Structures are given as structure tokens and as C-alpha cells.
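As a plain string of letters, each chain reads:
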Amino acid sequence: MTGGLPIISADQRLAEQRGIKGCIFGKSGIGKTSLLWTLNASTTLFMDLEAGDLAIEGWSGDSIRPRTWTECRDFAVFIGGPNPALRDEQPYSPAHYKAVCDRFGDPTALDRYDTIFVDSITVAGRLCFGWCKGQPEALSEKTGKPDVRGAYGLHGREMIGWLTHLQHTRAKNVWFVGILDEKLDDFNRKVFQPQIDGSKTGLELPGIVDEVITMAELKADGGDPYRAFVCQTINPWGFPAKDRSGRLDQVEEPHLGRLMTKIRAPVAPAPKRLTYTPPPADPAADAQSQPQS
């Protein structure tokens, strides 16, 4: 049928190949790059921004090594394809995609990869900010001197555009890893923040990806410390986390391959996932709420 409303039926939607988009944060040295060992090397493409080869010495997968923000954008459009809504002069547009394909060759060369592993979003943010500082928007129109606010504004838009374009690579898994900083707020409370230049990217990232995971060192009462994935927003440590799939426990083993298998497992019935358990009743509060005779 032609000319009709382009509705995607439930059967079509459920039959589509869908990738998992997520980010994994953790302190430096916790083993984020080493998660590559838990993935199928023949179907994983490593976007190596950190030159972290030592952690995966002997890993047999393929890698790419962008060293500028321009190269990061080129690889993103090559992986994700063009966005037809953009004008020719904009990044990720059909014109940008065609120019990149002319340089890199046939994009079907990427069909063999199921997973793109980006290490790290922290370094991508630094490359982006360095590029932004050299753009006209980062200079004051009145004085011609550097305008830090303009640079940060452009940086936020550039990073969100890059992440969103990779997020729309529907058929592939895309995982970003980054450093997690531990800080104290104004009330001397411990808080955790992704180490990314500017604030816009860190604030909006959880709304872009499906999964936000913190790779942390935990310790059971009286036991030895161990590494784990913290996967749920409500957790006793205050780590950033989000599970859009609804399939992950609060703590999972730090094995990315098995984590993705669990995310793809059959989903629980909607009533079970949406059940709300009210908090236990407080007898004292109930007594206060009763009308006095």
C-alpha cells in the first residue's frame, strides 16, 4: 500500500533488530577498558580515544583511533548513517555522510560489527572542547577575545549532537565509558559526577542512553571488596545508574557480555513491572491523622 500513513505495526517493531545504548562510569583504574575482554572480539569495534592498548594487550578485535573532534564526528556519521533532517552544511547530514564515505569507503564494511565500544567519553569531551575554543562562537563579538561561555555553549550542543547521532544507530550496541569523579557538595555530602567538560553533557546523557551503569568497588559486611556493576537508580551508594530495560538487578557482575544477554532476555509482563508496593504503614502517623472526638 502506498500513500498511507506510515504506521509501524507492533509485529514490525518487535521484529526490528535493536541495539543497546549505554554508558559505564567508574573511577580511573577500576577496569572499564578491560570490559572489552568480555565481548566477542570478532564483532566488536573499539573506538580508542584514550590510547588504552596496555589494558587490552592481546585482545584480537579491531579498533579505530580518532585524534581530533572532526574525526570523532566523521566516524559517528560513518557508523550511524546520515540524518536526512539536517542541511548539507551541518555535521551528520547526507552531504557529510557522502563526503566521509568517499574517504573511508563502503560503509557495509561495518556490518560485521554488532557493538561499538567508545573509550572514553571523557576524552571525547576534551577533544570537543578544544575544537570549540577555536570556533567563531567562542570569541566575543565586541572585543574579539575568547568567550568561555560561548565555548561551553557550543561544546554542549556538539557533544549532545554526537551522542544522539550514535544513539540512533538502531541496529548496533553502543557503549561509552568514562571516568566518575567523587566530590563533596555544599553540605559536605558525597556526590558522584561524570568527568566531562561542561555540565550540559553529564546532565542530559542519562536521557539519551538506555543504560547508565557505575562500575564500582563494593564491600559486603565483613567481606573482601569486589568489583560490580550498579544498575538501578535507587541504590544505597548514590551512584549514577539507570536501567531502561527493567531486567537488571541493583548489582550485577562486571561482565558486559553477560549483562547485554540479560538485557535482551524476555521481558516480564507489564503488570509485574509496573506494580507499586506502598511503604509500610506508620502507626504513629495514622493515629495523628485520625479526627479527634
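About the cut-offs
- Residues numbered from 1 in each chain as written.
- Predicted model: local features only at pLDDT ≥ 70, side-chain atom pairs only at ≥ 80, totals over all residues.
- Heavy atoms only, no water.
- Core = buried A, V, L, I, M, F, W, Y, C linked by side-chain atoms within 4.5 Å.
- Buried < 20%, exposed > 50% of the residue type's maximum accessible area, 1.4 Å probe, protein only.
- Helix = DSSP H or I, 4+ residues; strand = E, 2+ residues; numbered from the N terminus.
- Contact = heavy atoms within 4.5 Å.
- Phe/Tyr/Trp six-rings, centres within 6.5 Å; stacked < 30°, edge-to-face > 60°.
- Lys NZ or Arg CZ within 6 Å of the ring centre and 35° of its normal.
- Pairing = 2+ DSSP bridges.
- Expected span 1.5 Å × (residues − 1).
- Axes fitted to C-alpha atoms, helices over the stretch in contact; angles between N-to-C directions.
- Parallel < 35°, antiparallel > 145°, perpendicular 65-115°, else oblique.
- Left-handed = near helix turned anticlockwise from the far one by under 90°.
- Nonpolar A, V, L, I, M, F, W, Y, C, P; charged D, E, K, R; others polar.

- The name given to the protein in an unreviewed UniProt entry is AAA family ATPase, with Ponticoccus alexandrii as the source organism.

## Considerations on the nonpolar core
Item 1. In this structure, M47, V118, I121, W162 and F176 are the most contacted members of the largest nonpolar core, which totals 46 residues.
Item 2. With seven residues, helix α2 (residues 69–80) is the single largest residue contributor to this core.
Item 3. Not counting the four nearest positions on each side in its chain, I121 is found in contact with F25, M159, L163, F176, V177, G178, I196 and L205.
Item 4. Counting residues in each nonpolar core, the second largest holds 22 residues, with F46, F229, C231 and L256 among its members.

## Focus on the packing of aromatic side chains
Item 1. Applying the stated criterion to the full structure yields nine aromatic pairs.
Item 2. A connected cluster of aromatic rings, assembled from ring pairs, spans F46, W59 and F117.
Item 3. In this structure, R73 is placed above the aromatic ring of W131, and the distance from its NZ or CZ to the ring centre is 4.8 Å.
Item 4. The ring of F104 has R103 sitting right over it, with the charged end atom 5.3 Å from the ring centre.

## What to know about the pairing of strand β8 (residues 225–230)
Item 1. Across six bridges, strand β7 (residues 211–219) lies against β8 in antiparallel orientation. Bridge pairing in β8 links K219 to P225.
Item 2. Where β7 folds back onto β8 in an antiparallel hairpin, the turn is made up of five residues, including G222, whose phi is positive at roughly 75°.
Item 3. In terms of strand pairing, β8 meets strand β10 (residues 251–252) through two bridges, oriented antiparallel. Within β10, the position partnered with V230 by the bridge is V251.

## Observations regarding helix α4 (residues 121–132)
Owing to its 3.6 residues per turn, the α-helix aligns residues three or four sequence positions apart on the same side.
Item 1. When the terminal C-alpha atoms of α4 are compared, their 16 Å separation across 12 residues agrees well with the 16 Å that a helix rising 1.5 Å per residue should span.
Item 2. Those residues of α4 that sit buried are I121, T122, V123, A124, G125, C128, F129 and C132.
Item 3. Those residues of α4 hidden inside the fold are in contact with β1 (21–26), α2, β4 (115–119), α5 (148–167), β5 (173–184) and α6 (200–208).

## Some points on the packing of α5 against α6
Packed helices, taken two at a time, are described by the angle their axes make and the gap between the axes.
Item 1. Here α5 crosses α6 at 20°, and the two axes come no closer than 10 Å. Judged by the inter-axis angle, α5 sits roughly parallel to α6. Read as a crossing pair, α5 and α6 show a hand that is right-handed. Taken together, the residues of α6 that come into contact with α5 (itself represented by H155, G156, R157, M159, I160, L163, T164 and Q167) are K200, T201, E204, L205 and I208.
Item 2. Residues that form the contact of α5 with α6 fall into these classes: five nonpolar, five polar and three charged.

## Observations concerning unusual backbone geometry
Item 1. With an omega of 10°, the peptide bond between D119 and S120 qualifies as cis.
Item 2. Along the chain, S120 turns up in the loop between β4 and α4.
Item 3. One non-glycine residue, Y92, lies in the positive phi region at around 75°.
Item 4. Structurally, the position occupied by Y92 is in the loop between α2 and α3 (94–104).
Item 5. Given the relative accessible area of 6%, Y92 is considered buried.
Item 6. At N188, a residue that is not glycine, the phi angle is positive and equals roughly 65°.
Item 7. A relative accessible area of 58% places N188 in the exposed class.

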